[in-house]
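# Coordinate inspection notes
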Amino acid sequence: MKEARLYRFARPLVKIFTNIFLHPKYEGLSNIPSDKSIILAGTHTNILDCLVLMSSTKRSIHFLAKDELWKGPKKIIFANMGLIPVNRRTKDHNAIVQAEKYLNNNSVIGIFPEGTTEKGRGLLPFKKGAVKMAKDTNTNIVPFVITGKYGLFSNNLKIKFGEPIEITNSDLDIENDKLRTIIQNMLGE
């Protein structure tokens, strides 16, 4: 597991940027534990979602991100941010194994179960990675939703974190549907 040194350096700068230019409002931050593993799983509306989530907690978040980002000089940046590359063209077992290593060491994993930004299409079907990792490592999932519009000096961007949920059923399809329903309901609130 690679230590995310660049993440620790970048997080305060990202927090200043998001607070000045995006004005996100956070709800339910107390649902993110300060000292044990957790999976943050939620909606993906914009490429800036990771920055807003980074700003929400002092804990390092190891995001699962498409492997296309690891091309050229960006590879150095993303590798040193503690991100986990995912091959979205296949079921990437290696990404799950790497994420589970972080979870077994009381870390935070960030994942967008839709696998891509929704681009105005509404909540997309969920991939099962979040519930699989949660079940394999006995880690709770904190669902979140991002609502509002990104824009300079906007005042309507909101990130809401729900109550942690435990994955108890070995049928991952059922658990995945449960997670998606919880997030869908949070969007409707």
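Since the structure is predicted, the reported quantities are computational estimates derived from the model, not experimental observations.

## Looking at the overall build of the protein chain
Assigned secondary structure in the protein chain consists of six helices and seven strands. The order of α-helices and β-strands along the protein chain, N terminus first, is α-β-β-α-β-α-β-α-β-α-β-β-α. Taken over C-alpha atoms, the radius of gyration comes to 16 Å for the protein chain, in line with the 16 Å a tight globule of 189 residues would show. Seen along its three principal axes, the alpha-carbon backbone of the protein chain occupies a region of about 45 × 40 × 35 Å. Counting across all 189 residues of the protein chain, residues that qualify as buried make up 45%.

## Looking at the packing of helix 1 (residues 5-22) against helix 2 (residues 49-56)
Close contact between helix 1 and helix 2 brings their axes to 8 Å; oriented N to C, the two are set at 105°. Classified by the angle their axes make, helix 1 and helix 2 are roughly perpendicular. The residues of helix 2 that touch helix 1, namely those facing Tyr7, Ala10, Arg11, Val14, Lys15, Phe17, Thr18 and Leu22, are Leu51, Val52, Met54 and Ser55. Looking at the contact of helix 1 with helix 2, its residues break down into eight nonpolar, two polar and two charged.

## With respect to helix 4 (residues 93-103)
Residues Ala95, Ile96, Ala99, Glu100, Tyr102 and Leu103 constitute the buried set of helix 4. End-on view of helix 4: buried residues confined to an arc of 150°, all on one side of the axis. Residues of helix 4 that are exposed and point more than 90 degrees away from the buried face comprise His93 and Asn94. As for helix 4, its buried residues are in contact with strand 2 (38-42), strand 3 (61-66), strand 4 (84-86), strand 5 (108-111) and helix 5 (129-137). Its side-chain oxygen at 3.2 Å from the backbone nitrogen of Asn94, Asp92 defines the N-terminal cap of helix 4.

## Side note on the packing of aromatic side chains
The full count for this structure, using the stated rule, is five aromatic pairs. A ring pair is formed by Phe21 and Phe153, whose centres lie 5.7 Å apart and whose planes are at 50°; its orientation type is tilted. Taken together, the positions of Phe21 in helix 1 and Phe153 in the loop between strand 6 (141-147) and strand 7 (158-161) put the pair 132 residues apart, joining distant regions of the chain. Judged by relative accessible area, which is 29%, Phe21 ranks as partly exposed.

Criteria and thresholds
- Residues numbered from 1 in each chain as written.
- Predicted model: local features only at pLDDT ≥ 70, side-chain atom pairs only at ≥ 80, totals over all residues.
- Heavy atoms only, no water.
- Helix = DSSP H or I, 4+ residues; strand = E, 2+ residues; numbered from the N terminus.
- Rg over C-alpha atoms; globule rule 2.2 N^0.38 Å.
- Buried < 20%, exposed > 50% of the residue type's maximum accessible area, 1.4 Å probe, protein only.
- Axes fitted to C-alpha atoms, helices over the stretch in contact; angles between N-to-C directions.
- Parallel < 35°, antiparallel > 145°, perpendicular 65-115°, else oblique.
- Contact = heavy atoms within 4.5 Å.
- Nonpolar A, V, L, I, M, F, W, Y, C, P; charged D, E, K, R; others polar.
- Arc of directions from axis to C-beta.
- Polar contact = N/O pair within 3.5 Å; in protein donor to acceptor, adjacent residues only side chain to side chain.
- Phe/Tyr/Trp six-rings, centres within 6.5 Å; stacked < 30°, edge-to-face > 60°.

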